[in-house]
Amino acid sequence: MQALVAHSSRLVVMAERGRTILREVYDAPPAKIDLIPHGIPDVPFVAPDYYKDQFGVGGRKVLLTFGLLSPKQGN
């Protein structure tokens, strides 16, 4: 990991804990570490049908996902 830190111009983490580990365990320079928070922004609630209507799926159940789905998931 030290070689990766040494050869990288930037290190990206998704949680503050990742930044702490890079600094404290691997002596990564804080200036090299960027935090891109995992999750969603805190925004006011809007009724789901407001957005569903915009995409032509009003009144229907909609499933959203991120990442890849595979046949073995859920087993």
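Residue numbers restart at each chain and count upward from 1, following the sequence in its written direction. For this predicted model, a pLDDT threshold of at least 70 governs which residues receive local features, and a threshold of 80 or more governs which side-chain atom pairs are given and counted, while totals over whole chains, interfaces and linings are taken from all residues. Each side-chain value is worked out from all heavy atoms of the structure, with water and hydrogens disregarded.

Draft legend 1. Representation of the layout of surface pockets. Residues are called lining when one of their atoms sits within 4 Å of a cavity or pocket point, these points coming from a 1 Å grid over the protein atoms alone, where a cavity is a set in which a 1.4 Å probe fits but cannot get out and a pocket is an open set with protein on both sides within 12 Å along at least five of seven lines. Grid points are joined across faces, edges and corners, and a volume is the space filled by probe spheres set on the points. Here the largest pocket is characterised by a volume of approximately 230 Å³. Surrounding the largest pocket, Val43, Pro44, Val46, Pro48, Tyr51, Lys52, Phe55, Val57, Val62 and Leu64 form its lining. For this scheme, ten residues count as nonpolar: Ala, Val, Leu, Ile, Met, Phe, Trp, Tyr, Cys and Pro. Four count as charged, namely Asp, Glu, Lys and Arg, and the remainder, Gly too, count as polar. Residue composition of the lining of the largest pocket, by class: nine nonpolar, no polar and one charged.

Draft legend 2. Structural context of the nonpolar core. The set of buried Ala, Val, Leu, Ile, Met, Phe, Trp, Tyr and Cys residues whose side-chain atoms join them within 4.5 Å is what this entry labels a nonpolar core. When accessible area is computed with a 1.4 Å probe and restricted to protein chains, residues below 20% of their type maximum are described as buried, those above 50% as exposed, and intermediate ones as partly exposed. Counting six residues, the largest nonpolar core is built from Val5, Leu11, Val13, Leu22, Ala28 and Ile33. Any pair of residues with heavy atoms lying within 4.5 Å of one another is described as a contacting pair. Residue contacts for Ile33: discarding those within four places in its chain leaves Leu11, Val13, Arg19, Leu22, Arg23 and Ala28.

Draft legend 3. Just the pattern of salt bridges, in detail. The working definition used for a salt bridge is a side-chain nitrogen of Lys or Arg within 4 Å of a carboxyl oxygen of Asp or Glu. Scanning the model with the defined rule gives two salt bridges in all. As a salt-bridge pair, Glu16 and Arg19 come within 3.1 Å of each other at their nearest N and O atoms. Placement of both Glu16 and Arg19 in helix H2 (residues 16-24) is noted, with a separation of three residues, approximately one turn of the helix. Numbered from the N terminus, helices here are DSSP runs of H or I no shorter than four residues, and strands are runs of E no shorter than two.

Draft legend 4. Expanded view of the environment of Pro29. Structurally, the position occupied by Pro29 is in the loop between H2 and strand S2 (33-35). Residue class for Pro29 comes out partly exposed when judged on its relative accessible area of 36%. With 24 residues separating them in the primary sequence, Pro29 and Val5 have C-alpha atoms 8.6 Å apart.

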